[in-house]
Amino acid sequence: MKKSIAVLPGDGIGKEVTKGAIEILEAVGQRFGHEFEFQYGEIGGSAIDNTGTPLPDKTVQVCKNSDAVLLGAVGGPKWDSVPAHSRPERGLLKIRKELDLYANLRPISFYQSLSDSSPLKKELVEGVDLLIVRELTGGLYFGKPSERVTKDGEDAVVDTLFYTKEEIRKIIELGFKLASQRKKKLTSVDKANVLESSRVWRETAEEVAKDYPDVTVEHMLVDNAAMQLIRNPKQFDVIVTENMFGDILSDEASVLTGSLGMLPSASVSKFGPSLYEPIHGSAPDIAGQNKANPIAMILSSASMLRLSFGLEEEAAAVEKAVEQVLENGLRTGDIAGSASESVTTEKMIAEIKAALLDQEAISNIMGAYA
Ligand code: IPM
Ligand code: MG
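Counting starts from 1 at the beginning of each chain's written sequence and moves along it residue by residue. Chains carry letters and ligands carry numbers; both start at the beginning, A for chains and 1 for ligands, and go up in the order they are written. Only residues with pLDDT of at least 70 are given local features in this predicted model, and only at 80 or more are side-chain atom pairs given and counted; all residues enter the totals for whole chains, interfaces and linings. Where side-chain values are given, they derive from all heavy atoms of the structure, hydrogens and water being excluded.

Q: How do you make sense of the sheet that holds strand β8 (residues 185-190) when you look at a structure like this?
A: Note on sheets: strands pair through backbone hydrogen bonds, and any given pair is parallel or antiparallel. Spatially, the 10 strands line up as an open sheet ordered β2-β1-β3-β12-β11-β4-β5-β10-β8-β9, and their pairing is mixed. Sheet topology places β2 (35-40) and β9 (216-221) at the edges, where each strand pairs with a single neighbour. Neighbour to neighbour, the strand axes of the sheet diverge by 25° on average, direction disregarded. In this structure, strand β4 (residues 103-109) lies alongside strand β11 (residues 264-268), joined through three bridges in antiparallel fashion. By the bridge assignment, asparagine 104 is partnered in β11 with serine 267. Across the face of the sheet, helix α3 (residues 57-64) comes into contact with β1 (2-10), β2 and β3 (68-73) while running at roughly 150° to β1. Packed onto the sheet, helix α10 (residues 295-307) meets β1, β2, β3, β4, β11 and β12 (274-278) and runs at close to 160° relative to β12. Any two strands between which DSSP finds at least two bridges are classified as paired. Here a strand is any run of E in DSSP of at least two residues, a helix any run of H or I of at least four, and the numbering for each starts at the N terminus. An axis is simply a line fitted to the C-alpha atoms; with a helix, the fit covers only the stretch in contact. Between two such axes, the angle follows the N-to-C directions and lies from 0 to 180 degrees. What makes two residues a contact is simply this: any of their non-hydrogen atoms within 4.5 Å.

Q: Help me understand the site of ligand 1, please; the structure alone is not making it clear to me.
A: It suffices for a single heavy atom of a residue to lie within 4 Å of a molecule or strand for the residue to be listed as near it. For ligand 1, the full set of nearby residues is Glu89, Leu92, Arg96, Arg106, Arg134, Tyr141 and Asp247. Under the rule applied, a polar contact is a pair of N or O atoms within 3.5 Å (in protein, one hydrogen donor and one hydrogen acceptor; residues adjacent in sequence only if both atoms are side-chain atoms). At 2.8 Å, a side-chain N or O of aspartate 247 approaches an oxygen atom of ligand 1. For the area figures, the Shrake-Rupley method with a 1.4 Å probe applies, and any residue is considered shielded solely by the protein chains shown. Relative to its unbound accessible surface of 320 Å², ligand 1 loses 78% to contact with the protein. When residues in the shell around ligand 1 are grouped by element, the largest group, three residues, is from helix α4 (residues 88-98). All amino acids are sorted into three groups, where Ala, Val, Leu, Ile, Met, Phe, Trp, Tyr, Cys and Pro are nonpolar, Asp, Glu, Lys and Arg are charged, and the leftover types, Gly among them, are polar. Each residue belonging to the shell around ligand 1 can be placed in one class, and the counts come to two nonpolar, no polar and five charged. Residue assignment places the shell around ligand 1 across two domains, with domain 1 (1-106 + 261-370) and domain 2 (119-257) each supplying three or more. The split of the chain into domains comes from an automatic or database domain assignment.

Q: Whenever I open this one, the pairing of β3 confuses me. Can you help?
A: The side chains of a regular strand alternate between the sheet's two faces. Counted residue by residue, β3 has six buried out of six residues, so it is predominantly covered. In terms of strand pairing, β1 meets β3 through five bridges, oriented parallel. Counted as the bridge partner of alanine 6 is valine 69 from β3. Where β3 and β12 come together, three bridges link them in parallel fashion. Along β12, the bridge assignment pairs valine 69 with leucine 275. Accessibility here uses a 1.4 Å probe with only protein chains present; expressed as a share of the type maximum, an area under 20% marks a residue as buried, one over 50% as exposed, and anything in between as partly exposed.

Q: Would you explain helix α9 (residues 243-254) in this entry?
A: Helical geometry: 3.6 residues make up each α-helical turn, so side chains three or four residues apart lie on a common side. Here the expected length of a helix is defined as 1.5 Å per residue gap, with one fewer gap than residues. The terminal C-alpha atoms of α9 lie 17 Å apart, and with 12 residues this matches the ideal 16 Å at 1.5 Å per residue to within 8%. Taken together, the buried positions of α9 are Asn243, Phe245, Gly246, Leu249, Ser250, Glu252, Ala253 and Ser254. At the N-terminal boundary of α9, the capping side chain belongs to glutamate 242, with an oxygen 2.9 Å from the backbone nitrogen of methionine 244.

Q: Just to check I follow, could you spell out the nonpolar core for this structure?
A: Soluble, globular proteins show a tendency: their nonpolar side chains are buried together. Here, nonpolar core means buried Ala, Val, Leu, Ile, Met, Phe, Trp, Tyr and Cys residues that are tied together by side-chain atoms lying within 4.5 Å of each other. By size, the foremost hydrophobic cluster in this structure holds 67 residues, and its most contacted members are Ile5, Phe36, Leu105, Val133, Leu305 and Ile352. In terms of residues, this core owes the most to one element, helix α1 (residues 13-32), which gives eight residues. Viewed by domain, this core spans two of them, domain 1 (1-106 + 261-370) and domain 2 (119-257), each represented by three or more residues. When neighbours within four sequence positions are excluded, leucine 305 is seen to be in contact with Leu25, Val28, Phe36, Gly310, Leu311, Glu314, Ala315 and Val318.

Q: Before we go on, may I ask you to explain the domain arrangement of the protein chain in this structure?
A: In many analyses, interface size is given as the accessible surface area lost on bringing the parts together. Each assigned domain of the protein chain is listed with its residue range as follows: domain 1 (1-106 + 261-370) and domain 2 (119-257). A separation of 25 Å is found between the C-alpha centroids of domain 1 and domain 2. Contacts between the two partners involve 16 residues from domain 1, matched on the other side by 20 residues from domain 2. Interface area, domain 1 with domain 2, both sides summed: about 1,600 Å², of which 62% is carbon and sulfur. When two parts are brought into contact, each loses some accessible area as probed by a 1.4 Å sphere; the total of that loss over both is the buried area. Sorting the residues of domain 1 by area buried against domain 2 places Lys97, Tyr102 and Arg106 first, and these three jointly supply 40% of that buried surface.

Dropping the structure here:
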């Protein structure tokens, strides 16, 4: 198979972790006989520095001409003072809109070998397997007006939560579809006791439910959902929710697995290329130090193999290689806990690659390492 992949490393650790994903994809190509061609594009703060804008048109073109997009992370303190409309994060929001990436899938799965990395009790998190389906191109992030205003002589500010009914229906349908392929439970998260948009969200979920009689649907208020995720995370299968609620709940849920550095995501489009990015940000505090955990990015590229290219065996092989190195005790700083030593980003990448190329040989390699 021959595929063209747009690569947008972005800022901070984004650069280090995308390098890792590419090494792994090249190894996948080698092992399974595929040809992946990488086209680079600029986004975020480094794009501001080099081109004056967080998302140059050229990057959009590179993405639109690709079969799938890999994105590292954007942002950093260097660009904190640039005007709101040209911040690095604008680049990310704009590419989501340009590619019509209406849904962001954030799977939260428990790794047995990391059971000590979560700050929560083992018996609470053991076996957690949930999927957050976050609406990604509407809601509070994109509603207009979003500006500072003057009202009755007072300085004031407005952000807007806007959805068309069709946008709500589209994301909820995807939630049901994914739940019907999993444990058949959908939790629709809203704030229907306060927000009109949430009441329409809830009604829409009820309407769509009629088409999925095998899926159990429950409605949960977002504040309660935040609590339930910590109190009893195993009750969840698929969670579907508004853009900003999903942003917040997915960071919270990442703690269940031990680290934000473990979590991949897929931002999907109905027609064009989808985009794969880790949930974590650019981590300026550890950027350039060869310390970042590349696993979230590597798992994002596995999702790309599966969802965009239909390469299930290849995706599973990457995921298995990640599991193997974790089982063998390899840890970057974020998942090291207090007991074990941590390894560099490059070491982690090299070991995952070795595990992938020879899934048998890993135990020998680790024997030597120990
Ligand atoms: C995420 C990030 C982004 C978001 C930021 C960087 C704009 O937090 O992908 O979750 O809020 O969507
Ligand atoms: Mg976020």
